[in-house]
Amino acid sequence: MRLHIAADHAGFELKQHLIQHFSDQGHDVVDHGAFEYDAQDDYPPFCISAAEAVLEAPGDLGIVIGGSGNGEQLAANRVSGIRAALIWSEETARLARQHNDAQIGSIGARMHSLEEATAIADAFVGEPFSGDARHQRRIDLMLDYEAKA
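Not measured: the values here are computed from a predicted model.

J.: Can you walk me through the sheet that holds strand β3 (residues 61–66) in this structure?
T.: Pairing between the strands of a sheet is mediated by backbone hydrogen bonds and can be parallel or antiparallel. Ordered by their spatial adjacency, five strands build an open sheet running β2-β1-β3-β5-β4, and the pairing between neighbours is parallel. Lying at the two open borders of the sheet, with one neighbouring strand each, are β2 (28–31) and β4 (84–86). Geometrically, the sheet is characterised by an average inter-axis angle of 25° between neighbouring strands, direction not taken into account. Here β4 pairs with strand β5 (residues 104–108) via three bridges, running parallel.

J.: Teacher, can you tell me more about the pairing of β2 here?
T.: Both faces of the sheet carry side chains from a regular strand, because those side chains alternate between them. Bridge count between strand β1 (residues 2–7) and β2: four bridges; the pairing is parallel. Bridge pairing links Leu3 to Val29 in β2. One crossover worth recording links β1 to the parallel β2 by way of helix α1 (residues 12–24), and it is right-handed.

J.: So what exactly am I meant to see when it comes to the pattern of salt bridges here?
T.: Opposite charge on two side chains permits pairing when their charged atoms draw close. Counted according to the given criterion, the structure contains seven salt bridges. Asp31 is paired through a salt bridge with Lys15; the nearest N and O atoms lie 2.8 Å apart. Remark: Lys15 occurs in helix α1 and Asp31 occurs in strand β2; sequence separation between them is 16 residues. The partly exposed category is assigned to Asp31, whose relative accessible area is 28%. The salt bridge partner of Glu90 is Arg94, with a shortest N-O separation of 3.9 Å. With a gap of four residues between them, Glu90 and Arg94 both fall in helix α4 (residues 90–100), about one helical turn apart. By relative accessible area, Arg94 is classed as partly exposed at 32%. Residues joined in a network through salt bridges with shared partners are Arg2, Asp28 and Asp60.

J.: What am I meant to see in the environment of His27 here?
T.: In this structure, His27 sits in the loop between α1 and β2. Considered as a pair, His27 and Asp60 are 33 residues apart in the sequence and their alpha carbons are 11 Å apart. Here His27 is in contact with Met1, Leu3, Phe22 and Val125, once residues within four sequence places are set aside. Among the polar contacts listed, one links the side chain of His27 to the backbone oxygen of Met1, at a separation of 3.5 Å.

What counts, and where the lines are drawn
Residues numbered from 1 in each chain as written. Predicted model: local features only at pLDDT ≥ 70, side-chain atom pairs only at ≥ 80, totals over all residues. Heavy atoms only, no water. Pairing = 2+ DSSP bridges. Helix = DSSP H or I, 4+ residues; strand = E, 2+ residues; numbered from the N terminus. Axes fitted to C-alpha atoms, helices over the stretch in contact; angles between N-to-C directions. Right-handed = clockwise from strand over helix to strand, strands pointing away. Salt bridge = Lys/Arg side-chain N within 4 Å of Asp/Glu carboxyl O. Buried < 20%, exposed > 50% of the residue type's maximum accessible area, 1.4 Å probe, protein only. Contact = heavy atoms within 4.5 Å. Polar contact = N/O pair within 3.5 Å; in protein donor to acceptor, adjacent residues only side chain to side chain.

Have a look at this one:
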């Protein structure tokens, strides 16, 4: 699977770790930045780049990382057609995929230990969309609204 990963300075260390972690598992990992630690960098360009790449390649997934994960989720969701979810536990990561077919998971690096964040990312990447009709109906309602906007 191809994974698109992005982070600002607050998520830089976790991003580097996850790139190695997922590469070791055989995933094709694309780094969308930040490419060096800069305490003054801004997350939106990195997250939007990852989201655009995910949108262009159906079946790819993304992980965006910041201090809390909130802003990164919001930035990724600016890309029309993307469903980015704040994933703060293994359960929310699995549900984001199962129920919402989220293509991007957003993690707050300052909210978790390295081990916890890795487990959350693994849960997100490892979980498929359920395909359940009620969940697809809800996704379609959001997509219909987005198409009208």
